[in-house]
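The residues making up each chain are set out below.
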Amino acid sequence: MAGAGGRRRGHPRAGARGPGWLGAGHLWALLAAVSGTASMVASRAIARRERKPLAQVFWPNLALALVMGAALPLVWQPMPLADWLWVAGYALFLFGARYVSVEALRLLPAYVATPLMNLQFVWMVGIGFFGFGELPGVGPMFGAALVIGSGLWLVADEALPARRRLRA
């Protein structure tokens, strides 16, 4: 409900404007977006020089293991065998997914690879809805539509000149 001055009630920062409105979550999301983009750009640049995708998969995973391993003693709790199996399965799946991503970024043109990479956000919205019963708000739905629309636009834009050349 809008109160005096047009601010919504219920949340202390609801309706607020300016830097005070931004929280730590916003900054973490921005850092994730920037670092994820930098990772994809670096992956494309490295893939042009390095022909062995396994090296490009191994070293980032090793760096991740070392950094997270340094923090592990602070939060370690013993796990049952079933959880270790989940960890191992997840690690194998992540390693395979990174390998496929590196190959896709190396072999596919950017206008094809980028929309495929961005589909992960659409999957997140879908899995949240179907797997966890989360009803996405306007923002995530708009974002998913933007990702799908921009991917279709890029593919159509690249396909149209090819069609014109075929007709000529």
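Here, the structure is the one placed above.
Residues numbered from 1 in each chain as written. Predicted model: local features only at pLDDT ≥ 70, side-chain atom pairs only at ≥ 80, totals over all residues. Heavy atoms only, no water.

A. Highlighting helix H4 (residues 110-132). With 23 residues, H4 extends 33 Å from end C-alpha to end C-alpha; this agrees with the ideal 33 Å at 1.5 Å per step. Inspection of H4 places Ala113, Pro115, Met117 and Gly128 among the buried residues, and these make up the whole buried set. Phi for Gly133, located one or two positions after H4, is positive at around 70°. (Helix = DSSP H or I, 4+ residues; strand = E, 2+ residues; numbered from the N terminus. Expected span 1.5 Å × (residues − 1). Buried < 20%, exposed > 50% of the residue type's maximum accessible area, 1.4 Å probe, protein only.)

B. Focus on the layout of surface pockets. Considering only enclosed or pocket space, the largest pocket measures out at about 1,500 Å³ in volume. Along its surface, the largest pocket is lined by 39 residues, and Ser39, Met40, Ser101, Met117 and Gln120 are the ones closest to its centre. Residue assignment for the lining of the largest pocket shows that the elements contributing at least two residues are helix H1 (24-49), helix H2 (53-75), helix H3 (81-107) and H4. Top contributing element to the lining of the largest pocket by residue count: H1, with 12 residues. Residue composition of the lining of the largest pocket, by class: 28 nonpolar, nine polar and two charged. (1 Å grid on protein atoms, 1.4 Å probe; cavity = no way out; pocket = protein on both sides within 12 Å on 5 of 7 lines; lining within 4 Å. Points joined across faces, edges and corners; volume = space filled by probe spheres on them. Nonpolar A, V, L, I, M, F, W, Y, C, P; charged D, E, K, R; others polar.)

C. Region of interest: the packing of aromatic side chains. All told, the structure shown has two aromatic pairs when counted by the stated rule. The interplanar angle of 40° and the centroid separation of 5.9 Å between the aromatic rings of Trp76 and Trp84 together place this pair among those described as tilted. Take Trp84: its relative accessible area is 40%, and that puts it in the partly exposed class. (Phe/Tyr/Trp six-rings, centres within 6.5 Å; stacked < 30°, edge-to-face > 60°.)

D. Inspection of the packing of H2 against H3 at higher detail. Running from amino to carboxyl end, H2 crosses H3 at an angle of 130°, the nearest separation of the two axes being 9 Å. Between H2 and H3, the angle falls in the class oblique. For the element pair H2 and H3, the recorded crossing hand is right-handed. Together, Pro53, Leu54, Gln56, Val57, Phe58, Pro60 and Asn61 of H2 and Phe95, Arg98, Tyr99, Val102 and Glu103 of H3 make up the contact between the two elements. Along the lines of polarity and charge, the residues of the contact of H2 with H3 split into eight nonpolar, two polar and two charged. (Axes fitted to C-alpha atoms, helices over the stretch in contact; angles between N-to-C directions. Parallel < 35°, antiparallel > 145°, perpendicular 65-115°, else oblique. Left-handed = near helix turned anticlockwise from the far one by under 90°. Contact = heavy atoms within 4.5 Å.)

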